[in-house]
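Secondary and tertiary structure notes
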Amino acid sequence: MAWNDTEIDRLRHQLRQNISPTMRLSQCLSLAPYPLSAFQRNCSTRSVRIRVIICFRYAFATCITVAVVASQFTMFYYFPHIMYQPKVPIFIVILYYIVSILQTLTTGNMMIGCEQRRAEYEGYFEEVLHLMKETAHQPDCKTTIWYRNVTKVLLALYCIASLTVPIVMTTILWDIATIPYVMAQTVPFVVSSLILNQYFCVFVHLTSILRKMNERLARFLNMLPGSATEPPVQLRGKPLIYNVLGESLKLESSRLDQLEQLRLLHVRTVQTAGSLSEKFGIVIILIVIAAFASVNIELLEFYQSIKLGTLTPTTIFMKFLYAASKFSFYILIAYPNRLIQQENQKALFMLYRIKRISCSVELNEAIEHFISQISNLHDVHQACGMLNLDMKLISNAVAAITSIMVVLIQFSDTGL
């Protein structure tokens with residue numbers, strides 16, 4: 001079915017509403033390619049003006065990355081007392097070096113390599129537009145709207161946190177060391193938070209598409225013969241059934257065709273989510289390791305401040321802000337994957353109910369195929385096949401931080 005310009009514009013407008021604030025801010029900071037067809041429709045990468053802008057973005061990204069590296073060297077060699085306390089154990093210094101290296105790699109990869117990911121961004125938006133077209137007739141539910149507002153609130157909170165560090169450090173130090181300190185700490189934090197906000201936004205959007213497909217599957221279930229003996233699935237809106245093109249179903253319509261269309265759409269959506277996890281994989285691993293080391297540093301320095309009697313309200317506030325903001329990265333990674341898993345579980349629940357009341361052998365075989373495909377899509381929530389991106393990530397991180405903290409505190413108390 002051919003797309004007309006009006007329909008494409010409407011879908012692009014809806015897509016911009018879902019993820020526009022995060023993507024536009026990312027484009028301004030060279031953390032997302034410019035231009036993108038979903039946001040700058042009439043811009044061509046062949047025009048002289050756009051080429052000049054792209055060259056400027058390359059120069060800007062390179063300068064920022066070099067400035068971060070130079071700031072980290074300056075802090076370690078000239079102002080180490082600003083980075084950590086003079087009597088801090090050597091392993092905390094080593095952790096600082098590890099975090100600095102990981103943050104530099106993340107900043108350089110995401111900023112300098114931004115334009116090389118244009119095809120990946122365009123491919124994602126093209127695929128999502130096709131998926132949105134299949135569910136465009138269905139309105140967003142309250143849950144989807146709530147999560148969309150949450151993404152905007154998260155973006156605002158991270159922006160406030162990014163501005164808090166320079167303001168507080170300038171107020172405390174009033175020293176030239178504030179400049180490299182802010183550059184070394186704030187830029188990597190902004191890069192990591194914006195990249196993870198992009199990840200969170202697109203997964204929330206894909207979850208909304210899966211949610212609409214599950215609503216359609218619920219209507220399919222409620223219209224089956226014999227479904228009256230089963231508890232009805234709660235639906236919002238009018239109890240109508242739509243096919244994949246949004247047309248009302250007739251009684252003689254093929255249920256097998258409808259189920260097959262839903263299966264294909266479901267698999268495409270989940271595979272798109274898996275592709276995103278794979279493309280973000282290396283960066284996610286770098287951010288997870290850096291956040292893990294950063295949280296350990298802040299907690300260890302908090303313990304050292306208590307031990308040395310140097311604990312102040314400002315120290316408590318800054319350590320809590322650093323640790324909480326870095327640990328929140330785990331939530332931005334794990335929670336959207338949990339949303340996808342919840343929608344998959346809802347789909348499996350309804351498919352098993354359909355199978356239980358169905359009398360058709362062909363329909364049961366189609367359901368078995370649908371169920372097996374959803375069950376085999378568990379590996380989409382992994383980063384490079386190494387890290388599981390579900391809610392277990394948070395519990396595993398807490399357990400690992402606690403274990404490492406106990407060991408490092410013992411080393412600290414023995415003077416090593």
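Residues numbered from 1 in each chain as written. Predicted model: local features only at pLDDT ≥ 70, side-chain atom pairs only at ≥ 80, totals over all residues. Heavy atoms only, no water.

The name given to the chain in an unreviewed UniProt entry is Gustatory receptor, with the source organism recorded as Anopheles coluzzii. In its Sequence similarities (unreviewed entry) section, the UniProt entry covering the chain states "Belongs to the insect chemoreceptor superfamily. Gustatory receptor (GR) family." Regarding the chain, the UniProt comment filed under Subcellular location (unreviewed entry) reads as follows: "Cell membrane". (UniProt positions renumbered as here; feature names shortened; annotations may be inferred.)

Below, the discussion takes up the overall build of the chain. The helix and strand inventory of the chain stands at twelve helices and two strands. Relative to its full complement of 416 residues, the chain shows a buried share of 52%. Put simply, of all contacts in the chain between residues at least 6 apart along the chain, 81% involve residues at least 24 apart. Carbon and sulfur atoms form 65% of the exposed surface of the chain, whose accessible area is close to 20,100 Å². (Helix = DSSP H or I, 4+ residues; strand = E, 2+ residues; numbered from the N terminus. Buried < 20%, exposed > 50% of the residue type's maximum accessible area, 1.4 Å probe, protein only. Contact = heavy atoms within 4.5 Å. Areas by Shrake-Rupley, 256 points an atom, 1.4 Å probe, with all protein chains shown as cover.)

What follows concerns the UniProt feature "transmembrane region" (unreviewed entry) in the chain. With numbering matched to this structure, UniProt assigns "transmembrane region" (unreviewed entry) to residues 55-78, 90-112, 155-177, 189-210, 280-300, 320-340 and 393-411. Taken end to end, residues 320-340 is 100% helix and 0% strand, and its first and last C-alpha atoms sit 31 Å apart.

So, on to unusual backbone geometry. Across the junction of Y34 and P35, the peptide omega takes the value -5°, indicating a cis bond. If you trace the backbone, P35 turns up in the loop between α1 (5-28) and α2 (48-78).

This part takes up the packing of aromatic side chains. Throughout the structure, instances matching the rule amount to eleven aromatic pairs. Geometrically, the ring pair formed by W146 and Y147 is edge-to-face, given 5.0 Å between the ring centres and 80° between the ring planes. Classification of W146 as exposed rests on a relative accessible area of 53%. When the centroid spacing of 6.0 Å and the interplanar angle of 45° are considered together, the rings of Y158 and F189 count as tilted. Taken together, the positions of Y158 in helix α6 (residues 142-173) and F189 in helix α7 (residues 178-222) put the pair 31 residues apart, joining distant regions of the chain. Since its relative accessible area comes to 9%, F189 is described here as buried. (Phe/Tyr/Trp six-rings, centres within 6.5 Å; stacked < 30°, edge-to-face > 60°.)

Among the nonpolar cores identified, the biggest contains 61 residues, and L15, M23, F125, L206 and F329 are the most heavily contacted of them. Examining the composition of this core, we find that 16 residues originate from one element, α7, more than from any other. Aside from chain neighbours lying at most four places away, what touches M23 is A32, L36, F39, Y121, F125 and Q198. M83, F91, V99 and I297 belong to the second largest nonpolar core, which has 20 residues in total. (Core = buried A, V, L, I, M, F, W, Y, C linked by side-chain atoms within 4.5 Å.)

What follows is about the pattern of salt bridges. Under the criterion given, the structure shown has nine salt bridges. The salt bridge partner of R263 is E260, with a shortest N-O separation of 2.4 Å. Of this pair, R263 and E260 are both found in helix α8 (residues 255-279), three residues apart, which corresponds to roughly one turn of the helix. A salt bridge links E343 to K346; the shortest N-O distance between them is 3.5 Å. One end of the pair is E343 and the other is K346, both in helix α10 (residues 313-357) and three residues apart, which spans about a single turn. Taking relative accessible area as the criterion, E343 reaches 3% and is therefore assigned buried. The structure contains a network of salt bridges with shared partners spanning R57, E115 and R118. (Salt bridge = Lys/Arg side-chain N within 4 Å of Asp/Glu carboxyl O.)

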